[in-house]
Amino acid sequence: LKHNGLKEIKAAEGMDAVKKIKVSLLGKKGPITNVLRGMKDLAPEERPQVGKMANILRDELTKAIDAKTKELEAALLQQKLASEAIDVTLPGTQVTEGNPHIITQVITQIEELFLGMGFQVVDGPEIEEDHYNFEMLNLPKDHPARDMQDTFYITPNILMRTQTSPVQARTMEKHDFTKGPLKMISPGKVYRRDNDDATHSHQFHQVEGLVIDKHITMADLKGTLALVAQTVFGAERKIRLRPSYFPFTEPSCEVDVSCFKCGGAGCAVCKQTGWIEVLGAGMVHPNVLKMAGVDPEVYGGFAFGLGPDRFAMLKYGVDDIRQFYLNDVRFLKQFAQKG
Ligand code: FA5
């Protein structure tokens, strides 16, 4: 029994076979159990001898089965490790690298310029109250100038902001002027019910700028805007200021930058005028200061709202604003920054 048992254990192929052998040799119906059970029929002097032999045999077989189990487990582990091994020399899958959107690049450039001049960058909500988008900016409910910015209303008092100017109102209201002047910019998305064409989109970007202090003049505004134009477009691009109207500034102006590809007929970008409007600006209206709790007799300032979409068009020679929103990777990839 011992000889055959050990032979069987040794030859077993796999765990299942070992388990079967264990049951057949050591189980309740196995030969060893039978011997032990039959002890009562033996002569008393034979019992210790037979019992000892049966126990030794059982221990030996158990040891052999345990050893075989360990051996098989080790083999299985080896097999698993081998099948899951990674070949580190295989070439990897190419991961396509993204790049910041061209409009993000322009906004970042403007942010860096203003941060360098000690401005703070402030965020504001895209879903805005009529109160901040219009009323705090000197545009009461029935003001005709509301038509200048055709609005997506959510409720009569909640809307998709049409401009980043509400962030001015929100920031001015909170600012403690005893601690110093207010110098901020606020970049973000704005929405208007404009008909989409080469230079208009119903969703676009603006960067608001605001400075409130004592003794601020229009010359400060002009100098700041010239610096923005030179930083983004290079020294060769010209700017011009045209008198304009905004309810929240007085006087107001619109600023144009010379068209990047004009001189020829059929320029879709500037409609053959040689200029493209990129921002609106002016000196903050006394009513706007008063509404935010700022004394217009003591403080004054300038504000501007520029369009990074138009900036990006001019800077990179993109002749249709809709390209920015199509998410065509072939278009976007052209503006990947190196390094
Ligand atoms: C305003 O929105 C004013 N809030 C700007 C301002 C701020 C004036 C502070 C004075 C003081 P306007 O509607 O002109 O102004 O828009 C400002 C700029 O946003 C434009 O010069 C243009 O660059 C851009 N813009 C306007 N409409 C669109 C459009 N539909 N698509 C793309 N860009 C646009």
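The structure under discussion appears in the preceding block.
What comes next is a walk through the structure. (Residues numbered from 1 in each chain as written. Predicted model: local features only at pLDDT ≥ 70, side-chain atom pairs only at ≥ 80, totals over all residues. Heavy atoms only, no water.)

## Details of the packing of helix α5 (residues 102-116) against helix α10 (residues 308-316)
In step 1: It is at 9 Å that the axes of α5 and α10 come closest, and there the two elements cross at 100°. Taken together, the axis directions place α5 and α10 in an arrangement best described as roughly perpendicular. Taken together, the residues of α10 that come into contact with α5 (itself represented by I102, I103, Q105, V106, I107, Q109 and I110) are P308, D309, F311, A312, K315 and Y316.
In step 2: Broken down by class, the residue content of the contact of α5 with α10 amounts to 9 nonpolar, 2 polar and 2 charged. (Axes fitted to C-alpha atoms, helices over the stretch in contact; angles between N-to-C directions. Helix = DSSP H or I, 4+ residues; strand = E, 2+ residues; numbered from the N terminus. Parallel < 35°, antiparallel > 145°, perpendicular 65-115°, else oblique. Contact = heavy atoms within 4.5 Å. Nonpolar A, V, L, I, M, F, W, Y, C, P; charged D, E, K, R; others polar.)

## A look at the sheet that holds strand β2 (residues 127-129)
Neighbouring strands of a sheet are bound in pairs by backbone hydrogen bonds; such pairs are parallel or else antiparallel.
In step 1: The strand order across the open sheet formed by 3 strands is β2-β4-β3, and the pairing between neighbours is antiparallel. Because the sheet does not close on itself, it has two edges, and the strands there are β2 and β3 (153-155). Here the strands of the sheet are splayed against their neighbours by 35° on average, with no regard to which way each runs. (Pairing = 2+ DSSP bridges.)

## Re the packing of helix α2 (residues 15-26) against helix α4 (residues 47-83)
In step 1: Viewed as axis vectors pointing N to C, α2 and α4 meet at an angle of 170°, and their least axial separation amounts to 10 Å. Between α2 and α4, the interaxial angle falls into the category roughly antiparallel. From α2, M15, V18, K22, L25 and L26 reach across to α4, where they touch R58, L61, T62, I65, K68, T69, L72 and E73.

## Quick look at the packing of aromatic side chains
In step 1: The tally for this structure, following the rule as stated, stands at 8 aromatic pairs.
In step 2: Residues F331 and F335 carry aromatic rings whose centres are separated by 5.1 Å and whose planes lie at 65° to one another, so their mutual orientation is edge-to-face. Just as F331 is buried, F335 falls in that class too.
In step 3: Site record: aromatic cluster; members linked through ring pairs are Y316, F324, F331 and F335.
In step 4: Looking at R170, its charged tip hangs above the ring of Y132, at a distance of 4.1 Å from the centre. (Phe/Tyr/Trp six-rings, centres within 6.5 Å; stacked < 30°, edge-to-face > 60°. Buried < 20%, exposed > 50% of the residue type's maximum accessible area, 1.4 Å probe, protein only. Lys NZ or Arg CZ within 6 Å of the ring centre and 35° of its normal.)

## Details of the pattern of salt bridges
In step 1: Summed over all chains, the structure comprises 13 salt bridges.
In step 2: With its nearest N and O atoms 4.0 Å apart, the salt bridge here joins D150 to R193. Within this pair, whereas D150 is found in the loop between α6 (130-133) and β3, its partner R193 is found in the loop between β5 (182-191) and β6 (203-213), the two being separated by 43 residues in sequence.
In step 3: Linking R242 and D256 is a salt bridge whose minimum nitrogen-to-oxygen distance equals 2.8 Å. (Salt bridge = Lys/Arg side-chain N within 4 Å of Asp/Glu carboxyl O.)

## A closer look at the site of the ligand
In step 1: Around the ligand, a shell composed of 27 residues is seen, among which Q163, R192, D194, E277 and V278 lie nearest.
In step 2: Residue D194 places a side-chain N or O atom 2.7 Å away from a nitrogen atom belonging to the ligand.
In step 3: Contact with the protein chains removes 96% of the 680 Å² of surface that the ligand exposes when unbound.
In step 4: More than half of the atoms belonging to the ligand lie within 2 Å of the grid points that define the largest pocket.
In step 5: When residues in the shell around the ligand are grouped by element, the largest group, 5 residues, is from strand β9 (residues 275-284).
In step 6: Grouping the amino acids of the shell around the ligand by side-chain chemistry returns 9 nonpolar, 12 polar and 6 charged. (Near = heavy atom within 4 Å. Polar contact = N/O pair within 3.5 Å; in protein donor to acceptor, adjacent residues only side chain to side chain. Areas by Shrake-Rupley, 256 points an atom, 1.4 Å probe, with all protein chains shown as cover. 1 Å grid on protein atoms, 1.4 Å probe; cavity = no way out; pocket = protein on both sides within 12 Å on 5 of 7 lines; lining within 4 Å. Sits in = over half its atoms within 2 Å of the grid points.)

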